[in-house]
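Structural characterization, general
Now for the letters of each chain:
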Amino acid sequence: MFRGELVPCFEVPARVDHVLAELEKRRLGLVVVPEAFDGSVLLGVHSQRYLDFLASAWDEWVGLDVANAERDALPSVWPVRTLRSEVLPSNFAARMGLFSMDAGSPLTSGTWEAARAGADCALSAAVAVAGGERAAFALTRPPGHHAGADFFGGYCFLNNAALAAQQLRTQGFERVAILDLDYHHGNGTQAIFYERADVYFTSIHGDPQTEYPFYLGYADELGAGAGRDFNRNWPLPRGTGFDVWRATLQQALSDIAKFGAQALVVSLGMDTFVGDPIAGFTLQTQDYLQVGEDLAKAGLPTVFVFEGGYAVADVVFSNPGMSLKAEEVENF
Ligand SMILES: [Zn+2]
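Residues numbered from 1 in each chain as written. Predicted model: local features only at pLDDT ≥ 70, side-chain atom pairs only at ≥ 80, totals over all residues. Heavy atoms only, no water.

1. Some details on the overall build of the chain
The test is simple: Each helix is a run of H or I in the DSSP string that is no shorter than four residues. Each strand is a run of E no shorter than two, and both are numbered from the N terminus. In this setup the radius of gyration rests on C-alpha atoms only. A globule is expected at 2.2 Å times the number of residues raised to 0.38. Each residue's exposure class comes from its accessible area (1.4 Å probe, protein chains only) as a fraction of the maximum for that residue type: buried when under 20%, exposed when over 50%, partly exposed otherwise. Under the counting rule used here, the positive set is Lys and Arg, the negative set is Asp and Glu, and His together with the chain ends is not counted. Lys charges are placed at NZ, Arg charges at CZ, Asp charges at CG and Glu charges at CD.
Looking only at helices and strands, the chain features 10 helices and 6 strands. Taken over the C-alpha trace, the chain has a radius of gyration of 19 Å; the compact-globule value for 332 residues is 20 Å, and the two agree within 12%. Along the first, second and third principal axes, the C-alpha set of the chain runs to 55 × 45 × 40 Å. The 332 residues of the chain split such that 48% are buried. Of the side-chain charges in the chain, 23 are positive and 41 negative, and the distance between the mean point of each set is 4 Å.

As structure tokens, this is what we get:
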């Protein structure tokens, strides 16, 4: 739903197809199918009543009217401020609003299966890194960083990066950092870990004064309770270029080192690219090689989780010389 009309989502399956094709063409490491995890692992991040809703939502929607099978479900009412959010109404539309933050993220027939597959992908990447891999990239779709413990929005349903971080904690990494590089603030991830000292969250993003998600992502959000000083936001104005963005990245990496992170989760949104249709930074294709070098210098076992990025066909190099050589693949 955009400006009063139903329009196609920018978040489409072709995004993953493009990335997968490039990964295979450039031989950037082994491509593996994620393992399927038991649903109970999702409770490390999400609430039971939210998961129950997501799992049954499509069947409920179609159960209201068989004609609904041909149309997506969108929320239309929300429990803002003085309304109650601890009540769980039986009405479907009421629960849809309770568990969502915007009207731009429709539920479709495949939403739950896709969200589960995305979570499996992120969890599998975390397991690979916990098992000794230097890095793993989770090609997740839908993305996850806007999803909170009990709500969806911003095309996100399950918080893949948060699940990966929690999995790393479970497998013995005592201090995990999450670095969110998507153009949009990772409000869901921040909120999930806001009162925890074991998972440091930092995000570089478009200033929420003007950019989605608007209501979180400001510089004065530093964490609360035990999590005080374990949250750090770097809002930057629309139009920010790579020099300023990279200097900010280096500050964020310096803070991650001071935190003493033993593992890193990168929420890798590619919508910082100059050609992105719904974002406003001006990073160029070659800048991402520098970003990769800067991240590698952090020297941490790293799970990369794919988030946004809607010009994926344009962001890649057309030069086949950018592929790794056989011995580089061996060492990857
Ligand atoms: Zn984004």
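There is more to say, and it comes next.
2. Some thoughts on the pairing of strand 3 (residues 199–206)
Convention followed: Only strands that DSSP links by at least two bridges are regarded as paired with each other.
Among the 8 residues of strand 3, 8 are classified as buried, and the element is accordingly described as predominantly covered. In this structure, strand 2 (residues 176–180) lies alongside strand 3, joined through 5 bridges in parallel fashion. Among the inter-strand pairings, valine 176 is bridged to a residue of strand 3, identified as valine 199. Looking at chain direction, strand 3 and strand 4 (residues 231–236) are connected through 6 bridges and run parallel. Paired with isoleucine 204 across the two strands is tryptophan 234, which belongs to strand 4.

3. Details of the pattern of salt bridges
Rule in force here: The term salt bridge refers to a side-chain nitrogen of Lys or Arg lying within 4 Å of a carboxyl oxygen of Asp or Glu.
In this structure the tally under the stated criterion is 14 salt bridges. Of the charged contacts in the structure, one is a salt bridge between glutamate 11 and arginine 141, with a shortest N-O distance of 2.7 Å. With glutamate 11 in the segment before helix 1 (14–26) and arginine 141 in the loop between strand 1 (135–138) and helix 5 (160–170), this residue pair connects regions lying 130 residues apart in the sequence. Given the relative accessible area of 7%, glutamate 11 is considered buried. Glutamate 22 is paired through a salt bridge with arginine 26; the nearest N and O atoms lie 2.5 Å apart. Of this pair, glutamate 22 and arginine 26 are both found in helix 1, 4 residues apart, which corresponds to roughly one turn of the helix. Residue classification places glutamate 22 among the buried positions, given a relative accessible area of 17%. One connected set of salt bridges, linked through shared partners, spans Glu11, Arg15 and Arg141.

4. A word on the packing of helix 4 (residues 111–130) against helix 5
Applicable threshold: Every axis corresponds to a line fitted to the C-alpha atoms, with the helix fit spanning only the stretch in contact, and the corresponding angles, defined between N-to-C directions, vary from 0 to 180 degrees. Whether a crossing is left-handed or right-handed is set by the direction in which the near helix is turned from the far one by less than a right angle, anticlockwise for left-handed and clockwise for right-handed. In what follows, residue pairs with any heavy atoms lying within 4.5 Å of each other are defined as contacts. Polarity classes work like this: nonpolar for Ala, Val, Leu, Ile, Met, Phe, Trp, Tyr, Cys and Pro, charged for Asp, Glu, Lys and Arg, and polar for all others, with Gly in that last group.
Their axes nearest at 8 Å, the elements helix 4 and helix 5 cross at an angle of 35 degrees. Relative to helix 5, the crossing made by helix 4 is right-handed. Listed contacts from helix 5 to Ala115, Gly118, Ala119, Ala122, Leu123, Ala126, Val127, Val129 and Ala130 of helix 4 are Asn160, Leu163, Ala164, Gln167 and Leu168. Here the contact of helix 4 with helix 5 is built from residues that sort into 11 nonpolar, 3 polar and no charged.

5. Side note on the packing of aromatic side chains
Selection rule: The rule is short: rings of Phe, Tyr and Trp, with Trp giving its six-membered ring, pair when the centres are within 6.5 Å, and they are stacked under 30 degrees, edge-to-face over 60, tilted in between.
Within this structure, the stated rule accounts for 14 aromatic pairs. Aromatic side chains tyrosine 212 and phenylalanine 214 sit 5.9 Å apart centroid to centroid with 75 degrees between the ring planes, which places their arrangement in the edge-to-face category. By relative accessible area, tyrosine 212 is classed as partly exposed at 22%. Judged by its relative accessible area of 36%, phenylalanine 214 falls in the partly exposed class.

6. Comments concerning the nonpolar core
This is how the line gets drawn: Definition of nonpolar core: a set of buried residues of the types Ala, Val, Leu, Ile, Met, Phe, Trp, Tyr and Cys, connected through side-chain atoms within 4.5 Å.
Counting 47 residues, the largest nonpolar core has Phe53, Leu54, Leu107, Leu158, Leu168, Val265 and Val303 as its most contacted members. Per element, the largest residue contribution to this core is 9 residues, and it comes from helix 4. For leucine 168, the contacting residues outside a window of four places in its chain are Ala126, Val129, Ala130, Phe173, Val176, Ala263, Val265 and Val303. With 37 residues, the next largest nonpolar core counts Tyr183, Ile204, Ala261 and Leu295 among its residues.

7. Thoughts on helix 2 (residues 48–64)
Definition in use: Take the number of residues in a helix, subtract one, and multiply by 1.5 Å to get its expected span. Bend is computed residue by residue as the angle between axes fitted to the seven residues ending at the residue and the seven residues starting at it.
In a regular helix each residue adds 1.5 Å, so 17 residues correspond to 24 Å; helix 2 covers 23 Å between its end C-alpha atoms and thus fits that length. At alanine 57, helix 2 shows its largest kink, close to 50 degrees. Considered for burial, the residues of helix 2 that qualify are Tyr50, Leu51, Phe53, Leu54, Ala57, Trp58 and Trp61. Considering only its buried residues, helix 2 is in contact with helix 3 (92–98) and helix 4.

8. Considerations on the sheet that holds strand 4
Sheet architecture is open: 6 strands sit in the order 1-6-5-2-3-4, paired in parallel fashion. Of all strands in the sheet, those with a lone pairing partner are strand 1 and strand 4, marking the two edges. Taken pair by pair, the neighbouring strands of this sheet meet at an average axis angle of 15 degrees, ignoring direction. Relative to the sheet, helix 7 (residues 242–259) contacts strand 2, strand 3, strand 4 and strand 5 (263–268), its axis offset from that of strand 3 by approximately 175 degrees.

9. With respect to the pairing of strand 1
Taking every second residue as pointing to the same face, the buried face of strand 1 carries Ala136 and Ala138, while none of Ala135 and Phe137 on the other face is buried. Of the pairings in the sheet, the one linking strand 1 to strand 6 (residues 302–306) comprises 4 bridges and is parallel in character. When the sheet's bridge partners are listed, alanine 135 is paired in strand 6 with threonine 302.

10. Side note on the environment of proline 13
Assignment of secondary structure puts proline 13 in the segment before helix 1. For proline 13, a relative accessible area of 48% translates into the label partly exposed. Along the chain, proline 13 and alanine 103 lie 90 residues apart, while their C-alpha atoms are 20 Å from each other.

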